[in-house]
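Coordinate analysis (summary)
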Amino acid sequence: MNPDDPRAQRTRARLKAAVLDLAARQELATITVSALAKRAEVNRATVYLHYPDVDSLVTDAMEDAVAAVARAAALCPLDAPRHRAPEPLGELFEHVAANATMYARMLGPHGSARFAARMRERLTVELSGRFTAGLRPSGWDDVPAELHAAYLSGALVGVIAHWVASRPRAGTDEAALAFWRLFRNGCQAADSR
């Protein structure tokens, strides 16, 4: 199968839409390939032709969301004041809030380990690139840039998972500011502590 073939692209788009629709209605662990095929109006063999399992399909379907989260996190100016979350971080939390059910399912106890790993990986790559380009605060030379980025990425994914599962859930501005204060502290120059 040629992934660049327009028919394959259309089929994959239908499968992604179907899995996101099902995931908005039910826990990921309960989505069957049969239900997915029925929703996408394809046969089961077609599902397996494109994806080995539901988890890989849902991870692929959420790739745009993961990329948006990674870009927003990487755009945050590390020198912004502690009392105000940077605009990209506020936008990131608004995006997560608008898709809270999906993120809660993806990052929850019955969610997708593959999705969580992909999200951490994309965030790590974005932050690591930024850090190696000289956009990391001074004083962290004794910590490899990629390890520093992985630490901060894991923190963001953990905060998002906790936030979307919380009842009552704090507002987006409050969550973004709380995370900003933690994130900023993890990026401040080590000498300034």
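Here the structure is shown first, and the text comes after it.
Before going into details, it helps to say that this report is about the structure given with it. Just so it is clear, the model here is predicted, and its values are computed rather than measured.

What follows concerns the overall build of the protein chain. If you tally the helices and strands in the protein chain, you get 10 helices and zero strands. In sequence order, the protein chain lays out its α and β elements as α-α-α-α-α-α-α-α-α-α. For the protein chain, the proportion of its 193 residues judged to be buried stands at 42%. When contacts within the protein chain are restricted to residue pairs at least 6 apart in sequence, long-range pairs at least 24 apart make up 69% of them.

Time to look at the nonpolar core. Residues Leu-92, Phe-93, Tyr-103, Met-119, Leu-156 and Ile-160 are the most contacted members of the largest nonpolar core, which totals 55 residues. For this core, the leading source of residues is helix H9 (residues 145-165), giving eight residues. Those residues in contact with Leu-156, other than ones at most four positions away along the chain, are Val-69, Ala-73, Leu-92, Phe-93, Leu-123 and Phe-179.

Along an α-helix, residues three or four apart share an orientation, since each turn contains 3.6 residues. Compared with an ideal rise of 1.5 Å per residue, which puts 13 residues at 18 Å, helix H5 (residues 63-75) spans 18 Å between its outermost C-alpha atoms and is within 8% of the ideal. The inward-facing, buried residues of H5 contact helix H4 (54-61), helix H6 (87-98), helix H7 (100-107), helix H8 (113-132) and H9.

This part covers the packing of aromatic side chains. Evaluated as defined, the whole model comprises five aromatic pairs. Every member of this aromatic cluster is reached through a ring pair, and the members are Phe-93, Trp-163, Phe-179, Trp-180 and Phe-183. Positioned above the aromatic ring of Trp-163, the side-chain terminus of Arg-169 is 5.8 Å from the ring centre.

Here the focus is unusual backbone geometry. Across the junction of Arg-167 and Pro-168, the peptide omega takes the value -10 degrees, indicating a cis bond. Of note, Pro-168 is situated in the loop between H9 and helix H10 (172-187).

Before going further, it helps to examine the pattern of salt bridges. Summed over all chains, the structure comprises 12 salt bridges. The closest approach of N and O atoms between Glu-63 and Arg-118, which form a salt bridge, is 3.1 Å. Taken as a pair, Glu-63 in helix H5 and Arg-118 in helix H8 lie far apart in primary sequence, 55 residues in all. Since its relative accessible area comes to 23%, Arg-118 is described here as partly exposed. Of the charged contacts, one joins Arg-118 and Glu-121 as a salt bridge, the two residues approaching to 2.3 Å between their closest N and O atoms. Of this pair, Arg-118 and Glu-121 both sit in helix H8, separated by three residues, roughly a single helical turn. The exposure class of Glu-121 is partly exposed, given its relative accessible area of 43%.

Attention shifts here to the environment of Ala-97. Structurally, Ala-97 is set in helix H6. Given the relative accessible area of 29%, Ala-97 is considered partly exposed. The spatial distance from the C-alpha of Ala-97 to the C-alpha of Thr-172 is 7.0 Å, given a sequence separation of 75 residues. Those residues in contact with Ala-97 that lie beyond four places of it in its chain are Trp-163 and Thr-172.

What follows covers the packing of H7 against H9. Helices that pack against each other are described as a pair by the angle of their axes relative to one another and the distance between those axes. The contact between H7 and H9 brings their axes to 9 Å, and the two run at 115 degrees. Here H7 and H9 pass one another in a crossing that is left-handed. From H7, Ala-100, Tyr-103, Ala-104 and Leu-107 reach across to H9, where they touch Val-157, Ile-160, Ala-161 and Val-164. In the contact of H7 with H9, the residues fall into eight nonpolar, no polar and no charged.

Looking at the secondary structure, you find Arg-136 in the loop between H8 and H9. Although buried, Arg-136 forms no salt bridge, and the nearest oppositely charged side chain, Asp-141, lies 4.7 Å from it. A polar contact is formed between the side chain of Arg-136 and the backbone oxygen of Val-143, at a distance of 2.8 Å. Looking at Arg-136, its side chain comes within polar contact range of the side chain of His-148, at 3.1 Å. Ignoring anything within four residues of it in the chain, the contact list for Arg-136 reads Arg-130, Phe-131, Asp-141, Val-143, Pro-144, Ala-145 and His-148.

Thresholds applied
- Residues numbered from 1 in each chain as written.
- Predicted model: local features only at pLDDT ≥ 70, side-chain atom pairs only at ≥ 80, totals over all residues.
- Heavy atoms only, no water.
- Helix = DSSP H or I, 4+ residues; strand = E, 2+ residues; numbered from the N terminus.
- Buried < 20%, exposed > 50% of the residue type's maximum accessible area, 1.4 Å probe, protein only.
- Contact = heavy atoms within 4.5 Å.
- Core = buried A, V, L, I, M, F, W, Y, C linked by side-chain atoms within 4.5 Å.
- Expected span 1.5 Å × (residues − 1).
- Phe/Tyr/Trp six-rings, centres within 6.5 Å; stacked < 30°, edge-to-face > 60°.
- Lys NZ or Arg CZ within 6 Å of the ring centre and 35° of its normal.
- Salt bridge = Lys/Arg side-chain N within 4 Å of Asp/Glu carboxyl O.
- Axes fitted to C-alpha atoms, helices over the stretch in contact; angles between N-to-C directions.
- Left-handed = near helix turned anticlockwise from the far one by under 90°.
- Nonpolar A, V, L, I, M, F, W, Y, C, P; charged D, E, K, R; others polar.
- Lys, Arg positive; Asp, Glu negative; His and termini not counted.
- Polar contact = N/O pair within 3.5 Å; in protein donor to acceptor, adjacent residues only side chain to side chain.

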